[in-house]
Each structure stands twice: as structure tokens, then as C-alpha cells.
Amino acid sequence: MGRLRFLTSGESHGEMLSGILEGIPAGLSLIASRDIDPILRERQKGYGRGRRQQIENDSARIISGVRNGVTTGAPIALLIENKDWKHWKEKMSVEPSQFENTPVTVPRPGHADLAGAIKYGHTNDIRNVLERASARETAMRTAIGALATTLLRNLGIDSIAYVKSIGGIESVTPSDVFSEKDLLAKSNVRVFDPIAEAKIVTAIDHAKENGDTLGGIVECIFRNVPPGIGSHVHWDRKLDGILAQAVMSIQAVKAVEIGLGVAASSMKGSETHDPITIEDGKLLRSHNNAGGIEGGMSNGEPIVVRAAMKPISTLMRPLASVDLSTGEMTEAHIERSDVCAVPALAVILEQVVSFTIASEVLETFGGDTISELTARVTERRKALYIAIGK
């Protein structure tokens, strides 16, 4: 189930986040300031983000697996410092501390607080749960995904991610999103539609005034993916299944769609499936309702993935909860948080899908060096061409 593997560690207010990625072939040009940091900065943007983003200035430090700007084939280790840690040194001390912590004993509905406290025996201080369950962890997953994005770019695979809706307000998406990519850089909420953006900003302002939060839907598209990654022969090798698991692992994501997704359930088969055509000897589809995946495998068309994010769990006007130390009803704990992080989710989604596709590309084609991998992917792409008359 993929050749890339990664592990992250670190807490939201700990000293740093760390990650180890194994499986990147040797010979890939990789520079953190060029390939990772710009994506980390995009993750921090978006109207509705909280004060934490004003404190942090995320950048990644590569500490192994790269020499003179080129991957060696060894595991790649990354660090991202938490600048806010200076305010939390005593509270989050690794060594025994004399500092008197005020324990968190009131769980937030919708968060990992209660289930995690029960599972790991932290009902006397839920901070041990919320620090690791925090979406701050996605900073490292984004950095790791950025390495995969660099690999895919070297194979001629490019991608884009954007917001489809926030708080039920839908944005118009152009038919060719890649040609309109520059519009996203100008948008505070990562949409193409300025009219929808104005409505979304107003909705975020209203939510903030009411101590509430907003969720939404984001979409990413990957084009020029070679056909045949994934597999139809076993359930755990199906590309759409692997993608769904990866996307659902992102904090606050509650649903995943590929291609038409749920909409296909209300359509006829003749309206849903993508007719196969040929143009200049190349096999194509007249449309891409399948989202680039059929039978658990990429089919050569762009891969289209959407994720639905619930509103963030921390509310400034908190819901009812129970104090685990007394058993009394009270209001839920308030932790510094965002009003809306849907634009950030678009960035995170793109990197998570990048990792998954890169991993399955390596699983299918192998190669210990970039040159080996590139040659094999190039050869597979030729399978979409038919030599007419031969």
C-alpha cells in the first residue's frame, strides 16, 4: 500500500514538530526554502484564521536525507519550530517541572478531548490530548506532502487546490482552473469568484461576532497522472480507497468525494460514465465524471478529490459540557482557535493527496533514482496511445 512512509511527532505548543519521510528516490533536487516554505506560508493564510498565525512564521529545516540540495535515497528528517513555545516552556516542559499547571478537565464537543482522555487515561488533564490532536500537526504533514509535490512535479504531474464553498456559500469554479490559478493568490479565502468571496468574508465576520465557526468544501485536481496506479485486485490497493483514508485522516474532515461523488447516486448510468474516445491516437474521455479513477486505478484523466470540513470545535460561545474532575455540568473549555480554516484545508488537502499519489506511483513503478522512475512513468504514459493500423 504505497512505498512512501512518514511519521510525525510534536505537540501544538511544544518546542517543535518533527517528521521523517522514507522512500524518496535519490537524485531529486530539493531545497526547503524553495520547495516547502512557500507551501507552509500558504497554509497559514486565509480570512478567519486565529492569532496563532500571527505568531508563527512556519519554515522547515531539513536535517538529513539531502546533501548539497539533492536527495540521497536515505530517510529525510524535517523540523518546524513552534515560535509560540517560548510562552509555553513551563506548561509543556518535557522534564519534570515545578510549574503549577492548571489542568484542563472540561472537554469540547466535536473534539478529540473526551474520547482521547478516556483512551489514554488523561481525564485529569485533557491538555495531553488536545496538544497532539490539534490541527497544528498538519503543518508537518503539509511539509512532508510538499516533498511529494516536488517529486510529482519532476514527473510532469501538477496540481491545484481551491475552496468550493464556505458556510454554504458556493463559489463559481472556472472550467479550466489551471489557467486561472493566479486568481487564488489574490483571494483571502482561496476562491476564484470575487462575488462569492465578499459574501464569505461577511459570513465569517458574522460567525466571529457570534462566537461561532464555519466549515466548507475544498477541491484539488492532479493532472497528467499516469494510468494504472492503484489496483483492482485487492481491496487495500484501490487508489480511491487509499485516497479516502488519507483525506479523512485530516483533522475536521468529515466526508470525501472523488469525481462526481455523491451526485452520481442520483444520475443515470448513461449520464454518469465517461465515454472513451480517441484523438491523434491517444485514448481520452469526453468528460471526467469518474474523477480520474476507475476500478481503483488511475485512468489517465485528471484526479479530482473533494473534502468537506466541519466547523471548528472550539467555540467562543461554548456548548454545554461536563467537568470531568467534579462531574458537574458547565460550559466547554475554550482554546485559542480559528473562526474558519477552510482555505488552509485546501492547501493541506493538496499536499496529503500529493503524498498519496506519489507513494502509489513509487509502488507501481519503483526506482531507486529519479532517472529510473521518470523513465518508467514516461513508458507507461505511452500506453494511452494506439498505433492505428498496426
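Structure: see above.
Computed from a predicted structure; not experimentally measured. (Residues numbered from 1 in each chain as written. Predicted model: local features only at pLDDT ≥ 70, side-chain atom pairs only at ≥ 80, totals over all residues. Heavy atoms only, no water.)

## Remarks on the packing of helix H11 (residues 342-365) against helix H12 (residues 370-381)
Thinking step 1. The N-to-C vectors of H11 and H12 enclose an angle of 85 degrees; their axes lie 10 Å apart at closest approach. When the interaxial angle is binned, H11 and H12 end up roughly perpendicular. Taking contact as the criterion, the partners of Val361, Leu362, Thr364 and Phe365 in H11 are, on H12, Leu373, Arg376, Val377 and Arg380.
Thinking step 2. Class assignment for the residues of the contact of H11 with H12 results in 5 nonpolar, 1 polar and 2 charged. (Axes fitted to C-alpha atoms, helices over the stretch in contact; angles between N-to-C directions. Helix = DSSP H or I, 4+ residues; strand = E, 2+ residues; numbered from the N terminus. Parallel < 35°, antiparallel > 145°, perpendicular 65-115°, else oblique. Contact = heavy atoms within 4.5 Å. Nonpolar A, V, L, I, M, F, W, Y, C, P; charged D, E, K, R; others polar.)

## Overview of the pairing of strand E9 (residues 216-223)
Thinking step 1. Within E9, 6 of the 8 residues are buried, leaving the element largely enclosed by the surrounding structure.
Thinking step 2. Direction of pairing for strand E7 (residues 158-166) relative to E9: antiparallel, over a ladder of 8 bridges. Across the sheet, residue Ile166 finds its bridge partner in E9, namely Gly216.
Thinking step 3. Here E9 runs beside strand E15 (residues 303-309); their pairing, made up of 7 bridges, is antiparallel. Paired with Glu219 across the strands is Arg306, a residue of E15. (Buried < 20%, exposed > 50% of the residue type's maximum accessible area, 1.4 Å probe, protein only. Pairing = 2+ DSSP bridges.)

## So, the nonpolar core
In globular proteins that are soluble, nonpolar side chains generally tend to be buried together.
Thinking step 1. By size, the foremost hydrophobic cluster in this structure holds 74 residues, and its most contacted members are Ile36, Phe222, Ile303, Val305, Leu349, Val353 and Ile357.
Thinking step 2. The element that contributes the greatest number of residues to this core is H11, accounting for 14 residues.
Thinking step 3. Other than its neighbours up to four places away in sequence, Ile357 contacts Leu152, Phe222, Val225, Ile229 and Ile303.
Thinking step 4. With 8 residues, the next largest nonpolar core counts Ile160, Tyr162, Phe178 and Ile221 among its residues. (Core = buried A, V, L, I, M, F, W, Y, C linked by side-chain atoms within 4.5 Å.)

## Here's the deal with helix H4 (residues 113-120)
Thinking step 1. Looking only at H4, the buried set comprises Asp113, Gly116 and Ala117. Along H4, the residues classed as buried sweep out an arc of 100 degrees about the axis, all on the same side. For H4, the exposed residues set more than 90 degrees away from the buried face come down to Ala115, Ile118 and Lys119.
Thinking step 2. At its buried positions, H4 is contacted by helix H5 (127-133).
Thinking step 3. Of the residues trailing H4, Gly121 is marked for its positive phi of about 70 degrees. (Arc of directions from axis to C-beta.)

## A short note on the sheet that holds strand E10 (residues 253-258)
Thinking step 1. Read across the sheet, 5 strands follow the order E8-E7-E9-E15-E10 without closing on themselves; strand pairing throughout is antiparallel. Lying at the two open borders of the sheet, with one neighbouring strand each, are strand E8 (169-170) and E10.
Thinking step 2. In this sheet, E15 lies alongside E10 in antiparallel orientation, the contact comprising 5 bridges. When the sheet's bridge partners are listed, Ile258 is paired in E15 with Val305.
Thinking step 3. Strand contacts of H11: E7, E9, E10 and E15, with the helix running at about 35 degrees to E9, the strand carrying the most contacts.

## Regarding the environment of Ile357
Thinking step 1. Positionally, Ile357 belongs in helix H11.
Thinking step 2. In this structure the C-alpha to C-alpha distance between Ile357 and Val189, which are 168 residues apart in sequence, comes to 26 Å.

## As for the sheet that holds strand E3 (residues 60-64)
Thinking step 1. Read across the sheet, 4 strands follow the order E1-E2-E6-E3 without closing on themselves; strand pairing throughout is antiparallel. The open sheet has two edge strands with one neighbour each: strand E1 (5-9) and E3. Going from strand to strand, the sheet's axes swing by 20 degrees on average, the running direction of each strand aside.
Thinking step 2. Helix H6 (residues 138-154) rests against E1, strand E2 (16-22) and strand E6 (76-81) of the sheet, and its axis sits at about 140 degrees to E6.

## A short note on the pattern of salt bridges
Thinking step 1. Tallied over the entire structure, the rule returns 19 salt bridges.
Thinking step 2. Across the pair Asp58 and Arg136 runs a salt bridge, and its minimum N-O distance is 2.9 Å. One end of the pair, Asp58, is in the loop between helix H3 (52-55) and E3; the other, Arg136, is in the loop between H5 and H6, and 78 residues separate them in sequence. For the pair shown, Asp58 and Arg136 are each scored as buried.
Thinking step 3. When the shortest N-O distance is used, the salt bridge between Asp158 and Arg223 registers 2.9 Å. Placement of the pair is Asp158 in strand E7 and Arg223 in strand E9, with a sequence separation of 65 residues.
Thinking step 4. Residue classification places Asp158 among the partly exposed positions, given a relative accessible area of 28%.
Thinking step 5. A relative accessible area of 34% places Arg223 in the partly exposed class. (Salt bridge = Lys/Arg side-chain N within 4 Å of Asp/Glu carboxyl O.)

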